[in-house]
Amino acid sequence: MNISTPRRRIGYGTLLFLLVFSIWYVFLALPRPLFDRPYSPVLVDSRGSLLSARVATDGQWRFPVTDSLSEKYIRAVTTFEDKRFFRHPGFDVRALARAFRQNLNAGTIVSGGSTITMQIIRLASDDPPRTIWEKGREIVLSTRLEWQYSKRRLLEIYASHAPFGGNVVGIDAAAWRYFGKPATRISWAEATLLAVLPNSPSLLHLGQGRDDLLAKRNRLLNRLHQQSAIDSLTLEAALAEPLPPQPRALPNEAPHLMARLSQSQKRSGAYRTTVSLDQNLQIRVSATLDQHYRRLKGQGIHNLAAIVIHVPTGEVRAYVGNVLAAGAEHGNMVDVIRSPRSTGSIMKPFLFAHALQDGTILSESLLADHPVNFNGYRPENYGLTFSGAVPARRALSRSLNIPFIQLLNQYGQERFHQQLRDLGLTTINRPPEHYGLSLILGGAESRLDELTAAYAWMGRTLNIYNQFDGQYLPEKPGRWFTFAPGANLRPQHPLAPEFVDQSAQLRAGAIWKTFEAMQEVERPASRGEWEQFRSSRQIAWKTGTSVGFRDAWAIGVTPEYAVGIWAGNANGEGRPGLIGIHAAGPVLFDIFDQLPPTSWWDAPYDDLQEIRVCHQSGELAGPHCPAEVQWETRSARGGRTCPYHRLLHLDPTGTFQADASCFPVETLRHQSWFILPPRMAHYYRTGHPEYRPTPPVHPDCSQSDSQKDEMMQLIYPQQARRIQVPRNADGTLSRTVFELAHQRPDTKVFWHIDDRFMGVTQTFHVMEFVPEPGPHTLTLVDEAGHRLEQRFDILAAPAK
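How each quantity is defined
- Residues numbered from 1 in each chain as written.
- Predicted model: local features only at pLDDT ≥ 70, side-chain atom pairs only at ≥ 80, totals over all residues.
- Heavy atoms only, no water.
- Patch = residues over 30% accessible without salt bridge, like charges linked within 9 Å, V, L, I, M, F, W, Y side chains within 5 Å.
- Areas by Shrake-Rupley, 256 points an atom, 1.4 Å probe, with all protein chains shown as cover.
- Salt bridge = Lys/Arg side-chain N within 4 Å of Asp/Glu carboxyl O.
- Helix = DSSP H or I, 4+ residues; strand = E, 2+ residues; numbered from the N terminus.
- Pairing = 2+ DSSP bridges.
- Axes fitted to C-alpha atoms, helices over the stretch in contact; angles between N-to-C directions.
- Contact = heavy atoms within 4.5 Å.
- Disulfide = S-S within 2.5 Å.
- Buried < 20%, exposed > 50% of the residue type's maximum accessible area, 1.4 Å probe, protein only.
- Left-handed = near helix turned anticlockwise from the far one by under 90°.
- Nonpolar A, V, L, I, M, F, W, Y, C, P; charged D, E, K, R; others polar.
- Polar contact = N/O pair within 3.5 Å; in protein donor to acceptor, adjacent residues only side chain to side chain.
- Core = buried A, V, L, I, M, F, W, Y, C linked by side-chain atoms within 4.5 Å.

Colleague: Can you lay out a nonpolar patch on the surface for me, pointing to particular residues and giving the numbers?
Modeller: On the surface, Tyr-12, Leu-15, Leu-16, Phe-17, Leu-18, Leu-19, Val-20, Phe-21, Ile-23, Trp-24, Phe-27 and Leu-28 cluster together into a nonpolar patch covering about 1300 Å² of accessible area. Among the secondary structure elements, Leu-15 is positioned in helix 1 (residues 4-28).

Colleague: Just give me the short version of the sheet that holds strand 7 (residues 315-320), but keep the residues and values in it.
Modeller: Taken in spatial order, the five strands make up an open sheet running 7-6-16-15-14, and their pairing is antiparallel. The open sheet has two free edges, formed respectively by strand 7 and strand 14 (540-545), since each of these has just one partner strand. On average, each strand axis in the sheet is tilted by 10° relative to the strand beside it, whichever way the strands run. With seven bridges joining them, strand 15 (residues 551-557) and strand 16 (residues 561-568) adopt antiparallel strand pairing. Pairing of Ala-554 across the sheet is with Ile-565, part of strand 16. On top of the sheet, helix 18 (residues 448-467) reaches strand 6 (303-310), strand 14, strand 15 and strand 16; it is set at about 30° to strand 6, its chief contact. Sitting on the sheet, helix 20 (residues 580-594) is in contact with strand 6, strand 14, strand 15 and strand 16, with an inclination near 35° to strand 15.

Colleague: Tell me about the state of the cysteines, and please be specific about residues and values.
Modeller: Overall, the coordinates contain one disulfide when judged by the stated rule. A sulfur-sulfur distance of 1.6 Å marks the disulfide that ties Cys-662 to Cys-701. Across the disulfide from Cys-662 to Cys-701, rotation about the S-S bond amounts to roughly 85°, and the bridge is consequently right-handed. Of this pair, Cys-662 sits in the loop between strand 19 (645-650) and strand 20 (669-674) while Cys-701 sits in the loop between helix 21 (678-687) and helix 22 (705-709), and the two are 39 residues apart along the sequence. Cys-701 sits in the buried class, given a relative accessible area of 10%.

Colleague: Tell me about the sheet that holds strand 21 (residues 712-716), and name the residues and values.
Modeller: Reading across the sheet, the three strands line up as 21-23-26 and stay open at both edges, with antiparallel pairing between neighbours. Each having just a single partner strand, strand 21 and strand 26 (766-769) make up the two edges of the open sheet. Ignoring which end each strand starts from, the neighbouring axes of this sheet average 25° apart. Note: strand 21 against strand 23 (residues 736-742), four bridges, orientation antiparallel.

Colleague: Could you give an account of the pairing of strand 22 (residues 721-725), with specific residues and numbers?
Modeller: On strand 22, burial follows the alternation: Arg-721, Ile-723 and Val-725 on one face are buried, whereas Arg-722 and Gln-724 on the facing-out side are not. Note: strand 22 against strand 28 (residues 787-796), five bridges, orientation parallel. Bridging across to strand 28, Gln-724 finds its partner in Leu-795.

Colleague: Tell me about the pairing of strand 2 (residues 50-53), residues and numbers included.
Modeller: As judged from the three bridges shared by strand 1 (residues 42-44) and strand 2, these two strands associate in the antiparallel manner. Within the sheet, the bridge partner assigned to Val-42 lies in strand 2 and is Ala-53. Counted along the chain from strand 1 to the antiparallel partner strand 2, the turn is five residues long, and its residue Gly-48 has a positive phi close to 90°.

Colleague: Quick one: what's the story with the packing of helix 13 (residues 348-357) against helix 18, residue by residue and with numbers?
Modeller: Put simply, helix 13 and helix 18 touch, their axes get as near as 11 Å, and they point 35° apart. By crossing handedness, the relation of helix 13 to helix 18 is classed as left-handed. Contact residues: Pro-349, Phe-350 and Ala-353 in helix 13; Leu-451, Ala-454, Tyr-455 and Met-458 in helix 18. Residues of the contact of helix 13 with helix 18, tallied by class, amount to seven nonpolar, no polar and no charged.

Colleague: Mind laying out the environment of Gln-743, listing which residues take part and the relevant values?
Modeller: Within the secondary structure layout, Gln-743 lies in the loop between strand 23 and strand 24 (749-753). The sequence separation of Gln-743 and Leu-289 amounts to 454 residues, and the corresponding C-alpha distance is 52 Å. Contact partners of Gln-743, with chain neighbours within four places excluded, come to Ile-675, Leu-676, Pro-677, Pro-678, Ala-681, Arg-685, Tyr-691, Pro-693, Glu-710 and Met-711. For Gln-743, the side chain forms a polar contact with the main-chain oxygen of Leu-676, separated by 2.6 Å.

Colleague: Report on the side chain of His-742, specifying residues and quantitative values.
Modeller: Positionally, His-742 belongs in strand 23. Its relative accessible area of 1% is what places His-742 among the buried residues. A polar atom in the side chain of His-742 sits 2.8 Å from the side chain of Asp-782. Those residues within four positions of His-742 in sequence are excluded, and the remaining contacts are Arg-685, Met-711, Met-712, Thr-747, Val-749, His-765 and Asp-782.

Colleague: I'd love a proper account of the nonpolar core, names of residues and values included.
Modeller: In terms of nonpolar packing, the biggest core is built from 77 residues, with Leu-277, Met-347, Phe-350, Phe-416, Leu-420 and Phe-515 touching the most fellow members. What Met-347 contacts, discounting residues up to four positions off in sequence, is Phe-416, Leu-420, Leu-425, Ile-428, Leu-439, Ile-440 and Leu-451. Counting 59 residues, the second-largest nonpolar core is a separate cluster that includes Leu-69, Ala-195, Ile-230 and Leu-250.

Colleague: I'd love a proper account of the side chain of Arg-317, names of residues and values included.
Modeller: As for its position among the elements, Arg-317 is in strand 7. In this view, Arg-317 contacts Ser-276, Leu-277, Asp-278, Leu-281, Gln-282, Val-308 and His-310; residues no more than four positions away in its chain are not counted.

Colleague: Can you break down unusual backbone geometry residue by residue, with the values?
Modeller: At the junction of Arg-32 and Pro-33, the peptide bond is cis and its omega measures out at 0° in the coordinates. On the secondary structure map, Pro-33 appears in the loop between helix 1 and strand 1. The omega angle of the peptide bond from Tyr-716 to Pro-717 is -5°, so this bond is cis rather than trans. Looking at the secondary structure, you find Pro-717 in the loop between strand 21 and strand 22. Even without being a glycine, Asp-126 presents a positive backbone phi close to 65°. Here Asp-126 is to be found in the loop between helix 4 (116-124) and helix 5 (132-148). Residue class for Asp-126 comes out exposed when judged on its relative accessible area of 57%. Unusually for a residue other than glycine, Asp-127 sits at a positive phi of about 55°. When you line up the elements, Asp-127 lands in the loop between helix 4 and helix 5.

In C-alpha cells:
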C-alpha cells in the first residue's frame, strides 16, 4: 500500500499534465489571430489585377494574406528554404541535426535548421532572440500549425508575412513593388529572387551586396535546373534577367473609390476588396479625362469625372471620381461622382418617357414654346429664342426649356418628383413644392452615379423585354449599380444595392421611343441656326448645363454600356465655356470609343401600336387632319385628338370665312385649316413661312365668339397678375413692356389703359407704359372689332 500510493500519485500527475498540455496545445498554444498586424487596404479588379493600395498604418506595404501562389514560387521557395516541406510534420530532424553540427563547428549560430512552418512561428512572434528554449517552442508550435492548416495554406501564410526588403512585407506587395505585376504572374528569375530575398532582405537596395543577392538567385536557378524543374533555355533566359531597380510606385487607379472603401475595410477587417472595375478600361478612361483636362483647364475648368456601367449586369467597369492632375488646390480628391450637383437638363428624358408612358404626349406632339410666367418664374431657352410650337421629340433633341417646363406643369410636379425618387435619385429629398417647375431645369441636385444608373436601368429594361419575348423581370429601378463582380444586383451580396420600389415603372415602348429621340442632339450655332451632333455609333445621349455654368453633364447609353460624364469646378465656380455639349460631350464620345463595339435595341413592337397621327400637330389624327401612321406607345390611344385642325367654311372665292347666314350653303367651300393659338402662332410663323393665318370673316357675315377669342392673346402679361416695377436711379418708375400676339400681325391694334387711349400698333404689337401703382385694366381692340381685356396690378418698388 505504501509503494502503490506514490505510483498512483505519479500516474495522476502525468494524466493531469497531459490533460493541461493537451488543452494548451489544442486551444491556447497558437496566438489568435496568428498575425496581429495591420494590413494595407487593397483594391483589385474582377480579374485580380491591382487597382490601388494604401500603406498599412505601421508604414509597411503588407498586403492581406494571399490565397494563390505561383507554382514557380512554391518550387523555388521549398527548394531553397525547406526541401522536405511536403514530408515533415512541421520540423525537420535532419535539418536540425545539420544545423547543430554547423553551429558547433563554427562556435556560433550560423544556421537555425528551421522549416518554413517554424519560420511562420518566428515571424508571428516578431523575431525573438535565438535560444534553445525558443527553438523548442517553435518545434512544438510548428506541429500545431501543421495540424490546423494544409501545406498549401502554410506556404501562403509564410509568403504573405516574410520580409522582402525595406518596408515591403509579403509576396504580393513585393511582386508589385519590384516587378509591377501580380505574384501569380512572375517569371522563374523573379520567383527565385523572391524565394531567397527573405533570407537576406537588406541586400536588395543598399547599393552594395546586390552581387551577393544575384549570386544566390543564380545558384538557386542552377539547382532547379539540376532537379529538372526548368530546362536549359529557361535557365539561360532567367540568368540573363537583371535584378529589379528601385521599388516601383504601386498602381493608383480609382483612388476616390479606394479612399471610400478603405474606411469600410478597416471597420470590417477585410482589407482586400475585389470590385467589378476593369483595370485596362479604368486606365484608358483616366487617360481620356487627363487629355480633356489639358483642353479645359485653359478655360478655368479643373475637374472631370466619369463612370462606366455595364448595362446587362449593372456592374461599374470604370470609376474616375476626379482628375488628379488638377492638384489639391482645385480639389482633386473630391469624389465628384458622389457629390450632388445641379442637374441642368439631364433629367428631361425621364419626363419625356413618363409623359409618353401615360399618353400625355405622343413623340411628335406639338409643345408650346413661347414666353411664359409662372408666378414670377420666367424660364428661358438657352438660345433666348422661341419656336412657338415644337414637336416633343425635337424639343428633347434641342433641350428646349420652355416646352419642358410646360410639359411638367401639364404632367404634374408631384407625380414626376416621386418617379425621380423611384428611379433612385436619393438626393432629391425635399418636397415637390421646394423645387417647383425648375425641377426639370436643374432646380434639384443629383449624383453622377445615380443618374447614370437610372439610364442604365432603362437600357436593361429594354434589353430584358426584347430578350424574354416581351416579359419583364421582377426587378425595380433603384440605386441600380454595383461594384460587386458577378453579383448581377442580387441583394445578398454585401456590395449590391437595395432596390427602391416603383409603382409605375417605365415600359419598353416608352423607353425605346425616348432613346430613339436621344440619338440626335441639336444646339444653337453662333449664327442662330441649329447645329446637329451625332456620334459615330448609335448612342442615346443627353447633355445638361446648370444655371450659372457651374456643371456640365453628358450621359449616354447603349444596350451594353451607360457612360456618365461631369465637368466643372469642385468648388462650384462657374465658367462661361462650361456647357454640356462642349465640355462633357466630347469626353463621352471618346470614352465610348474605348469600349467594345455596341449595338442598338430592336423596336419592342409588342409594346407599341400603329396609330393615325396628325402630320402637323403630332397628336391623334382628327377628322380634318392630314394623317400618317406611326408606331407609338400602347397608351397613345388615350391621348388627345389634334385640337389645331378645324374645318373652315369659305366663300366661293376662298378669300373669306363665311356661313349660311350670308351665302347659300351649296356655294360654300370647306377646307381643313391648321390654327394655332395666337401666342404659339406669333413665334411659329417665323420658322414656318408656310403657316397661313385664317382668312378674315366676310363683311356680310357675323363672327362667332370662338372666332373672336382666337384672334388675340397677350404674351405679357398672360393672366391677371401683379407686376413688380423697379425704380430708376432718379427714383421714377421704370417702364413696363406689354406684348400682344395677333393671328394677323398686320392688323392695327388700339391700346387703352383704364379707358385712356395709349396708342396703336401694327405688325409688331409691343407697347411700353408707366402706369401708376395700383389696379388697372388693359383693353385692346383691333380694326376688325376683336376685343381683349386684361386686369393687372402695378406694385412699385419702395423709393430709396
